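Analysis of the macromolecular model
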Amino acid sequence: MSPRHPAPPVTHDVPATVPAPAAGPAAGPPPVSLAWDDGTVRVVDQRALPHEHRWLRLESVDELIAAIRSLAVRGAPAIGLAGALGVALAAHRHTGPDGRADEAAVRADAARIAAARPTAVNLTWAVSRVLGRLAEGPRAVLAEAQAMLAEDAAANRAAAVRAADLVTGLLPGRRLRILTHCNTGRLATAAGGTALGTILELHARGLVAEVLVDETRPLLQGARLTAWELAEARIPYRLCPDSAAAAAMSRSMVDCVLVGADRVAVNGDTANKIGTYGLAVAAARNAVPFVVVAPDSSWDPELPDGTGIVIEERDADEVTSVAGVRVAPGGAAVFNPAFDVTPGELITAVVSEHRTLRPAGPAAAGSPDPGARTRAARELTELSRVLYERGWMPGTAGNLSVRVPGAGSSALITASGRDKGALTPDDVVTVDTGTGEPVPGGGARRASAEVSLHAAVYRSTDAGAVVHVHSPYATAVARRLSGTGEVTWLPLEDLELLKGLGLADAARTRLPVFPNWPDVPRIAAAVSAWLAESPEAPPALLIADHGVSVWGRDLAEARNRLECVEAMCHLLLLTGGPELPHRPAVPSRGKDPLL
């Protein structure tokens, strides 16, 4: 029986392979995937991976062209670099006894190399650049090609750092779940990689939770090559059928999409591996940042927009057969474009080693933002997952809400009875901030039972987000201060963490501890009365045996304030002993003297 995933066969017009250099037990695959080697071009045969890591030695221009067309060499930067080395190979082969190259013959070979694949601008750019040194002789051509190898490695590194900085700015304070398409690592470049290089950089910063790798049909560059590189780098990943990527985004399984590009137009339209356009559409629908990483060599200053990009159509056998086994009926017609063009309006940013382009541009002030609800829902589900993993929202306990920007008196709140570690945007409900009642068309789920508490905060403050959790230390303190059936108080004084609450007087305050009355609206009414009577009240409260509620101008600020309250409660439990202060209820009329 044949292997389940046999390596693709080597085509007859590519020379036999040569063994990869021997390595010691601790050594891994070489850090580069193409090089000049004593009058030949050596490349990693990408068709053989992941089952076999082998090198091809290309001794003629015909062999190099065949390697490019058969995808033994692929990836826009790598194709360009291979083309540059191919011109050096032509110059080497067409050099006479006098040491001078036959320029006409070299230029003819260069034209054939440049036409090997039409979509990636890198190939024509690289061929043209090295031809500029032809008059200086073969050595000058080779020196230029080798300089381009070094430049590409440096460009990839710079672009990866720039893109990683951008992504962490867009999605601060979290480990990221990234989706990527095709292969954009060292196999596709001189070294490091573009989008995959960015993932490596984020991983080095400890910021990658998981990578979802699109299979990238029909030739499975993601399953074969990107998975191999991620495994090599020990980055956690899962393979994802191309058709499942949109579903993954809709289920809040993706924080960011990172892809490369074969050509970037002046307006930000980008050509990349087929399937990229669909990812961008899904990302836009689900408010997921969509970032393209491509070196300057992939940017075409002569191309105003993507309509002028020539899309390569590849052989039907790539679709009708899998690993050499035919799966489609005989005579089946095929549409097999190698690339598609993603409009710039769907792209969050295009990043190179020197610049960051935001094709979509910032939203106009005051204009409606159709993605606002989706982004707010994603923020809720992402923070819910984080707090669940910390044990602060165990099971179905706890709830979060956030005002919807530009939506008037509406807020989103997590639904009742849902596992807080597995929420999706479908598990949030739109409610009226004044009443807590569901808004028509605002979701099929039932709002959290504590929605009236959130509404009380929104009615009485300018809060943009409310967080209610069962964090252990705040919950323990609330329990120790309960038992009277009345509101009690937790004094907080001379704690540095009080600054985190944004108080006018950061030296001291008191947090109310409300009884956990079975009638939640009764608690909400008490909260509303307290906030109405105390305009400078701290943005936090405790509920006996039922956790802590904190609010802020957005979810990030609310979370930060929650961290401060929980840490102060922890300090009290560590230093105050078993008998925490107990205070009688403050009369319902009159301002609390400590506020």
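The paragraphs below set out a description of the structure included in this document. (Residues numbered from 1 in each chain as written. Predicted model: local features only at pLDDT ≥ 70, side-chain atom pairs only at ≥ 80, totals over all residues. Heavy atoms only, no water.)

This brings us to the overall build of the protein. Across its full length, the protein holds 15 helices and 24 strands. Across the 595 residues of the protein, 53% fall into the buried class. Long-range contacts, defined here as pairs at least 24 residues apart, represent 71% of the contacts in the protein between residues at least 6 apart. Summed over all atoms, the accessible surface of the protein reaches about 25200 Å², with 54% contributed by carbon and sulfur. (Helix = DSSP H or I, 4+ residues; strand = E, 2+ residues; numbered from the N terminus. Buried < 20%, exposed > 50% of the residue type's maximum accessible area, 1.4 Å probe, protein only. Contact = heavy atoms within 4.5 Å. Areas by Shrake-Rupley, 256 points an atom, 1.4 Å probe, with all protein chains shown as cover.)

Time to look at the pattern of salt bridges. Applying the stated criterion across every chain, the model contains 35 salt bridges. Measuring nitrogen to oxygen at the nearest pair gives 3.3 Å for the salt bridge that ties Asp-37 to Arg-42. Of the charged contacts, one joins Asp-255 and Arg-177 as a salt bridge, the two residues approaching to 2.9 Å between their closest N and O atoms. Within this pair, whereas Asp-255 is found in the loop between helix 8 (245–250) and strand 8 (256–259), its partner Arg-177 is found in strand 5 (residues 176–180), the two being separated by 78 residues in sequence. Judged by its relative accessible area of 0%, Asp-255 falls in the buried class. Judged by relative accessible area, which is 12%, Arg-177 ranks as buried. A single salt-bridge network, built from bridges that share partners, covers Arg-129, Arg-133, Glu-136, Glu-144 and Glu-151. (Salt bridge = Lys/Arg side-chain N within 4 Å of Asp/Glu carboxyl O.)

The next subject is the environment of Tyr-458. The residue Tyr-458 is located in helix 12 (residues 451–460) in this model. Given a relative accessible area of 5%, Tyr-458 falls into the buried group. Separated by 93 residues in sequence, Tyr-458 and Trp-551 have C-alpha atoms that sit 9.3 Å apart.

With that settled, consider the sheet that holds strand 5. Sheet strands pair by backbone hydrogen bonding; their relative direction is either parallel or antiparallel. If you walk across this open sheet you meet the 7 strands as 7-6-5-8-11-15-16, and the pairing is mixed. The outermost strands of the open sheet, each flanked by one partner alone, are strand 7 (237–240) and strand 16 (356–357). The pairing of strand 6 (residues 208–214) with strand 7 spans 4 bridges and is classified as parallel. Each residue of the ladder has a partner; that of Leu-212, found in strand 7, is Arg-238. Across the sheet, helix 7 (residues 221–233) touches strand 5, strand 6 and strand 7, and the angle it forms with strand 6 is around 160°. (Pairing = 2+ DSSP bridges. Axes fitted to C-alpha atoms, helices over the stretch in contact; angles between N-to-C directions.)

Relative to the elements of secondary structure, Asn-336 occurs in the loop between strand 13 (325–326) and strand 14 (339–342). For Asn-336, the side chain forms a polar contact with the side chain of Glu-318, separated by 3.1 Å. Not counting residues within four places of it along the chain, the set of residues in contact with Asn-336 comprises Pro-218, Glu-312, Glu-313, Arg-314, Asp-315, Glu-318 and Val-319. (Polar contact = N/O pair within 3.5 Å; in protein donor to acceptor, adjacent residues only side chain to side chain.)

Once that is clear, we can look at the nonpolar core. Counting 42 residues, the largest nonpolar core has Val-41, Val-87, Val-106, Ile-113 and Val-127 as its most contacted members. At the level of secondary structure, the elements contributing two or more residues to this core comprise strand 2 (34–37), strand 3 (40–44), strand 4 (55–58), helix 1 (61–69), helix 2 (76–93), helix 3 (103–114), helix 4 (121–131) and helix 5 (138–170). By residue number, the principal contributor to this core is helix 2, which donates 11 residues. Other than its neighbours up to four places away in sequence, Ile-113 contacts Val-61, Leu-64, Ile-65, Gly-83, Gly-86, Val-87, Leu-123 and Val-127. If you look at the next biggest cluster of nonpolar residues, it comprises 40 residues, including Ala-376, Val-548, Val-550 and Cys-564. (Core = buried A, V, L, I, M, F, W, Y, C linked by side-chain atoms within 4.5 Å.)

Okay, the environment of Ser-250 next. With respect to the helices, strands and loops of the structure, Ser-250 is situated in helix 8. For Ser-250, a relative accessible area of 29% puts it in the partly exposed group. Distance from Ser-250 to Arg-378, taken between C-alpha atoms, is 9.2 Å for residues 128 residues apart in sequence. Once you skip the residues sitting within four places of it in the chain, Ser-250 turns out to touch Asn-286, Thr-424 and Pro-425. Of the polar contacts made by the side chain of Ser-250, one reaches the backbone oxygen of Ala-247; its length is 2.8 Å.

Let us look at the packing of helix 1 against helix 2. Axis separation between helix 1 and helix 2 bottoms out at 9 Å; the angle between their running directions is 170°. For the element pair helix 1 / helix 2, the angle class is roughly antiparallel. Where helix 1 abuts helix 2, its residues Val-61, Leu-64 and Ile-68 lie against Ile-79, Ala-82, Gly-86, Leu-89 and Ala-90. (Parallel < 35°, antiparallel > 145°, perpendicular 65-115°, else oblique.)

Without other data, these values stay purely geometric and don't point to any function.
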